[in-house]
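Structural overview for review
Chain by chain, the residues run as shown.
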Amino acid sequence: MAELRRELHELAAHVALPAERELWLGIEARLARRPARQWRRTAAIVLVAAATAIGIAFAVPPARSAILRFLGLDGVSIVRVDRLPPVHQSPVVVGQRTTLAEAERTLGFRPLQPAAARPDALYLDPQSEAVLLVYGRPLRLRLEETRIGIFQKFVSAANAVDRVRVGDDPGIWIVGPHVFDDVFGQPRLAGNTLLWQHGDVTLRLDGRVTKAQALQIARSVQ
Amino acid sequence: MVGRPLPETELVARAKTGDTAAYEELVRAHQAIAFRTAYLFSGDEADAQEAAQDGFVKAYRSLGRFRTGSPFRPWLLSIVANEARNRRRSAGRRHALALRAADAAPGDAAPSPEAAFAAAERRRELLEALNRLGDDHRLVLSCRYLLDLSEEETAAALGIRRGTVKSRMARALDRLRTELGEEVRDG
């Protein structure tokens, strides 16, 4: 086997891998933009749960996984897998305590709120440009909002994923524990979740709510 | 920027505070491997460039969650590979790896035209066999041998544990031998 390994090492010099490219200019241009206006495509955020390890194998043969796509939620990547990836203990919230005014200043949009209740706390995650509104003590509901988003969700066969409408806005409803991955190596466990797009803001609601309750809350958001 | 280049941990620390000049240095230090990794996973140059750039942008926006003192490259490659995988899943296509055009000519160090021809032929067989492997096996071998990634970096790019890299490598090498029509034996 050592000989084969040596041959593979030597092969590297002969394989036509593309030459290095100048990437910085394109990156700089994207960093300079107000991501809010440019990155309509994606969704969400950091959902967080005190989670215990639930999965075993992260590697999923691509042939058996499938990406579910939803009209109007192009950037939301939901991958159906045989087994959920492992998750880690996560903090209940990510970010720093903030106020509505500060969140609006930082994110460039006023956080939308359900009509019925004021949040018990707000958290701002400047890196992902997301605001998190927390309701209930103990925690009952989280509402996160962003105009950019970087994330993937993994669902198993046990999770129902339904297309829904929140008023005129497209959305999806995911039932049961699934894994939220912010793409940066820290998958988290999420419960029942409603995810929808309102204008260029993507919202995500999760907590101890039924589908009807979640939709009712979502429709009241303004 | 004057004097010695800053160590990576310092560049990351500065980038975390919004110093884009520091981040530019990080990008320039890692753009070659990021682009090539993206190419392996997406199988398309244009997709690879997009994936690498998006990966760098997302990494920058997520630096707040990056553990200070950890090596930057595995973390970056996990993001870039993920971007590239997503593009490939959506595009559903991949160009097989090919030998460089110059490889058709005899190598400089070849002892004789016959030996040079045999060596080039062997490389062609090897690459074709590699291209025929399933994604899991092809990618683990390509990351380790063609890109010369470390085990840690390979694990990050593939989204698997280091221990899994070892076992998958062993199975991939066995499989490659079978593809080459060679007997599998220890050694």
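Residues numbered from 1 in each chain as written. Chains lettered and ligands numbered in written order. Predicted model: local features only at pLDDT ≥ 70, side-chain atom pairs only at ≥ 80, totals over all residues.

1. Overview of the overall build of chain A
Looking only at helices and strands, chain A has five helices and 13 strands in total. Taking the intrachain contacts of chain A between residues at least 6 apart in sequence as the baseline, contacts between residues at least 24 apart amount to 65%. (Helix = DSSP H or I, 4+ residues; strand = E, 2+ residues; numbered from the N terminus. Contact = placed C-beta atoms within 7 Å.)

2. Here's the deal with the overall build of chain B
From N to C terminus, chain B includes eight helices and zero strands. What you see in chain B, going N to C, is helices and strands ordered as α-α-α-α-α-α-α-α. For chain B, the proportion of its 187 residues judged to be buried stands at 42%. (Buried ≥ 20, exposed ≤ 12 C-beta atoms within 10 Å, placed from the backbone.)

3. Examining the confidence of the model for chain A
Per-residue pLDDT for chain A has a mean of 72; in total, 68% of the residues score no lower than 70. Residue range residues 34–65 of chain A is modelled with pLDDT below 50. Its contacts to residues more than four positions away, or to other chains, number 108 contacts. (pLDDT = per-residue confidence, 0-100.)

4. Side note on the packing of helix α2 (residues 20–42) of chain B against helix α3 (residues 45–61) of chain B
All names here are of chain B. At their nearest, the axes of α2 and α3 sit 8 Å apart, and the two run at 135° to each other. The orientation of α2 relative to α3 falls into the category oblique. The element α2 and its partner α3 pack so that their crossing is right-handed. Residues Tyr23, Val27, Gln31, Ala34, Phe35, Ala38, Tyr39 and Ser42 of α2 touch α3, and the partners they reach there are Glu45, Asp47, Ala48, Gln49, Ala51, Ala52, Gly55, Phe56 and Tyr60. Class assignment of the residues belonging to the contact of α2 with α3 gives a composition of eleven nonpolar, four polar and two charged. (Axes fitted to C-alpha atoms, helices over the stretch in contact; angles between N-to-C directions. Parallel < 35°, antiparallel > 145°, perpendicular 65-115°, else oblique. Left-handed = near helix turned anticlockwise from the far one by under 90°. Nonpolar A, V, L, I, M, F, W, Y, C, P; charged D, E, K, R; others polar.)

5. Considering the sheet that holds strand β3 (residues 96–97) of chain A
Adjacent strands of a sheet pair through backbone hydrogen bonds, lying either parallel or antiparallel. Residue and element names in this part refer to chain A. Spatially, the eight strands line up as an open sheet ordered β3-β4-β5-β6-β13-β12-β9-β8, and their pairing is antiparallel. Each edge of the open sheet is held by one strand with a lone partner, namely β3 and β8 (161–166). Together, β4 (121–125) and β5 (130–135) form the strand contacts of helix α4 (residues 100–107), whose direction differs from that of β4 by roughly 20°. (Pairing = 2+ DSSP bridges.)

6. Some details on the pairing of strand β9 (residues 169–174) of chain A
Residue and element names in this part refer to chain A. Pairing of β8 with β9 involves six bridges; the strand directions are antiparallel. Residue pairing in the sheet places Arg163 in a bridge with Ile172 of β9. As consecutive antiparallel partners, β8 and β9 are separated by two residues, and within that stretch Gly167 has a phi angle of approximately 60°, a positive value.

7. Some words on α2(B)
Two residues of an α-helix separated by three or four positions point the same way, owing to the 3.6 residues in each turn. Residues and elements named next belong to chain B. The first and last C-alpha atoms of α2 sit only 28 Å apart over 23 residues, clearly below the 33 Å expected at 1.5 Å per residue. Helix geometry: α2 is bent most strongly at His30, by close to 55°. Gly43, located one to two residues past α2, shows a positive phi value of around 75°. (Expected span 1.5 Å × (residues − 1). Bend = angle between axes of the 7 residues up to and from the residue.)

8. As for unusual backbone geometry
For B:Asp148, which is not glycine, the phi dihedral falls at a positive 60°. For B:Asp148, the position within the fold is in the loop between α6 (135–146) and α7 (151–158).

9. Describing α6(B)
The buried count for α6(B) comes to ten of twelve residues, which makes it a mostly enclosed element. All of the buried residues along α6(B) are B:His137, B:Arg138, B:Leu139, B:Val140, B:Leu141, B:Ser142, B:Cys143, B:Arg144, B:Tyr145 and B:Leu146. On its buried face, α6(B) sits against α1 (2–11) of chain A together with α2, α5 (113–132), α7 and α8 (162–179) of chain B. Backbone geometry just downstream of α6(B) places B:Asp148 in the positive-phi region, at approximately 60°.

10. Structural notes on the pairing of β5(A)
Residues and elements named next belong to chain A. β5 sits mainly inside the fold: five of its six residues count as buried. Where β5 meets strand β6 (residues 141–146), six bridges bridge the pair, whose relative direction is antiparallel. Its bridge partner lying in β6, Val131 is registered against Glu145.

11. Side note on the nonpolar core
Counting residues in each nonpolar core, the largest one holds 50 residues, and the members touching the most others are B:Ala34, B:Ala38, B:Ala52, B:Phe56, B:Val80, B:Val140 and B:Cys143. Among the elements of the structure, α1 (8–16), α2, α3, α4 (72–91), α5, α6, α7 and α8 of chain B are those that each provide at least two residues to this core. When residues of this core are assigned to their parent elements, the largest contribution, ten residues, is made by α2(B). When residues of this core are assigned to domains, at least three fall in each of domain 1 (8–91) and domain 2 (101–179) of chain B. Listed in part, the 37 residues of the second largest apolar core include A:Phe154, A:Leu189, A:Leu205 and A:Ala214. (Core = buried A, V, L, I, M, F, W, Y, C linked by C-beta atoms within 7 Å. Domains from an automatic or database assignment.)

12. Things to note about the packing of helix α2 (residues 24–32) of chain A against α3(B)
Taken N-terminus to C-terminus, the directions of α2(A) and α3(B) make an angle of 45°; their axes are 9 Å apart at the nearest point. Between α2(A) and α3(B), the interaxial angle falls into the category oblique. Note on packing geometry: the crossing formed by α2(A) with α3(B) is right-handed. Only B:Gln53, B:Phe56, B:Val57 and B:Tyr60 of α3(B) make contact with α2(A), whose side of the interface consists of A:Gly26, A:Ile27, A:Arg30 and A:Leu31.

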